[in-house]
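Each chain, written out:
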Amino acid sequence: MNVISVKNLTVSYHKKPAIKGINLEIDSGSVIGIVGPNGAGKSTLLKGILGLLPFDSGEIKIFGKDIDKSRKRISYIPQREQFDWDFPINVHDVVMMGRYAHLPMIGFPKAKDREIVDQALQKVEMLKYASRQIRNLSGGQQQRIFLARSLAQESDIYFLDEPFVGVDAKTEKAIFNLMKELKDEGKTILVVHHDLGKVLEYFDKLILINQTLIAYGNTKDVFTAEMINKTYGGRLTILQRTEELVGQ
Ligand code: ADP
Ligand code: MG
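So, how was this worked out
Residues numbered from 1 in each chain as written. Chains lettered and ligands numbered in written order. Predicted model: local features only at pLDDT ≥ 70, side-chain atom pairs only at ≥ 80, totals over all residues. Heavy atoms only, no water. 1 Å grid on protein atoms, 1.4 Å probe; cavity = no way out; pocket = protein on both sides within 12 Å on 5 of 7 lines; lining within 4 Å. Points joined across faces, edges and corners; volume = space filled by probe spheres on them. Helix = DSSP H or I, 4+ residues; strand = E, 2+ residues; numbered from the N terminus. Expected span 1.5 Å × (residues − 1). Buried < 20%, exposed > 50% of the residue type's maximum accessible area, 1.4 Å probe, protein only. Donors = N, O, S within 2.8 Å, 3.2 Å for Na, K, Ca; no water. Near = heavy atom within 4 Å. Polar contact = N/O pair within 3.5 Å; in protein donor to acceptor, adjacent residues only side chain to side chain. Areas by Shrake-Rupley, 256 points an atom, 1.4 Å probe, with all protein chains shown as cover. Nonpolar A, V, L, I, M, F, W, Y, C, P; charged D, E, K, R; others polar. Pairing = 2+ DSSP bridges. Axes fitted to C-alpha atoms, helices over the stretch in contact; angles between N-to-C directions. Contact = heavy atoms within 4.5 Å.

## Points about empty space enclosed by the protein
And step 1. Throughout the structure, instances matching the rule amount to two cavities of 30 Å³ or more.
And step 2. Size it by volume and the largest cavity reaches roughly 60 Å³.
And step 3. Leu147, Ser150, Leu151, Tyr158, Leu160, Leu178, Met179, Leu182 and Ile189 are the residues that line the largest cavity.
And step 4. Secondary-structure elements contributing two or more residues to the lining of the largest cavity are helix 5 (139-152), strand 6 (157-161) and helix 6 (169-184).

Now the structure itself:
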């Protein structure tokens with residue numbers, strides 16, 4: 001069974017379509033890049049699949065079920081600017097949010113939940129910052145906290161929206177290693193990404209999108225000069241570098 005099935009998805013803002021007629025069948029155990037120019041609808045695609053936006057048409061199934069029945073199995077890290085970094089909350093409590101899906105209706109975190117939170121923080125090398133206010137962290141540290149929250153949620157599907165933006169080299173490596181680790185555990189990881197430089201290194205598969213789906217397949221098949229030109233449609237700076245990027 002496919003992990004994610006998207007049929008004919010169209011999502012509009014103020015009646016203007018941002019993505020149109022998207023069809024995707026995604027199976028488990030891979031890291032998939034979502035690539036396209038600014039405003040191409042990459043974030044909208046993630047939010048659409050997550051059921052966070054009303055859609056004009058389409059059908060989404062996660063593990064063969066409606067999103068409301070599978071929500072706990074998906075963990076989502078939005079683009080960083082969408083979070084209120086001045087909110088007074090410490091690192092441990094942000095990561096504990098990842099456990100809420102596992103708690104009973106009126107439940108408090110138990111020792112096991114705290115242990116899982118600590119383990120997740122350890123994994124991203126942020127355990128010693130557990131009581132720090134999140135606003136006092138660097139961009140890379142903030143991103144690692146959100147990774148820890150995702151890990152604590154123990155999901156089957158991970159949606160990361162531009163996780164590499166504004167992070168230091170250490171965080172970039174940590175994100176890359178975690179993606180690989182999760183994949184080896186059979187999880188599915190979808191990553192919005194706009195820097196074409198590392199595409200071949202990072203992603204097993206690629207979704208190329210610019211309002212409509214331009215291509216979807218194994219990175220080595222899809223990441224071609226022709227497909228990139230089609231996706232970025234005549235943006236010269238990109239075109240000039242394309243041959244170099246795909247090694248052709
Ligand atoms: P990407 O993530 O690829 O940069 P988005 O999915 O954020 O693109 O946006 C796709 C299009 O939808 C853009 O033209 C953007 O301006 C528009 N858009 C995104 N969010 C909103 C919103 N909340 N209200 C109105 N238009 C939006
Ligand atoms: Mg975006």
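## Regarding helix 5
And step 1. Relative to the 20 Å expected for 14 residues at 1.5 Å per residue, helix 5 spans 20 Å between its end C-alpha atoms, a close match to the ideal helical length.
And step 2. Within helix 5, 13 of the 14 residues are buried, leaving the element largely enclosed by the surrounding structure.
And step 3. Once helix 5 finishes, Glu154 follows within two positions and takes phi at roughly 50 degrees, a positive value.

## With respect to the coordination of the magnesium ion (ligand 2)
Ideal geometry at a metal centre gives angles of 109.5 degrees when four donors are arranged tetrahedrally and 90 or 180 degrees when six donors are arranged octahedrally.
And step 1. Those donors, Ser43 (OG) and Gln79 (OE1), are the protein atoms that reach the magnesium ion (ligand 2), and they lie 2.1 to 2.4 Å from it. Here the residue Ser43 occupies a position in helix 1 (residues 42-49), and Gln79 occupies one in the loop between strand 5 (74-77) and helix 3 (91-96), the gap between them amounting to 36 residues.
And step 2. Note on Ser43: relative accessible area 16%, which makes it buried.
And step 3. Look at Gln79 and you get buried, because its relative accessible area is 16%.

## Overview of the site of ligand 1
And step 1. Every residue near ligand 1 is listed here: Tyr13, His14, Ala18, Pro37, Asn38, Gly39, Ala40, Gly41, Lys42, Ser43 and Thr44.
And step 2. Gly39 places a main-chain nitrogen or oxygen 2.8 Å from an oxygen atom of ligand 1.
And step 3. Protein contacts shield 59% of the accessible area of ligand 1, which totals 560 Å² for the unbound molecule.
And step 4. Here the shell around ligand 1 gets three residues from one element, more than from any other, and that element is helix 1.
And step 5. A class-by-class count of the residues in the shell around ligand 1 yields four nonpolar, six polar and one charged.

## Considerations on unusual backbone geometry
And step 1. Although it is not a glycine, Asn8 adopts a positive phi angle of roughly 50 degrees.
And step 2. Tracing the backbone through its elements, the reader meets Asn8 in strand 1 (residues 4-13).
And step 3. Notably, His14 is not glycine yet its phi reads approximately 50 degrees, a positive angle.
And step 4. With respect to the helices and strands, the residue His14 is situated in the loop between strand 1 and strand 2 (16-26).
And step 5. On the basis of relative accessible area, His14 is assigned to the exposed category, the value being 82%.

## Digging into the sheet that holds strand 8 (residues 205-210)
And step 1. The six strands lie next to each other as 5-6-7-3-8-9, forming an open sheet whose pairing is mixed. In this open sheet, the two strands that pair with only one neighbour each are strand 5 and strand 9 (212-218). In this sheet, adjacent strand axes meet at a mean angle of 15 degrees when their direction is disregarded.
And step 2. Strand direction decides the pairing type here: strand 6 and strand 7 (residues 188-193), joined by five bridges, are parallel. Paired with Tyr158 across the two strands is Ile189, which belongs to strand 7.
And step 3. Contacting strand 3 (30-35), strand 5, strand 6, strand 7 and strand 8, helix 1 runs over the sheet at an angle of about 150 degrees to strand 6.

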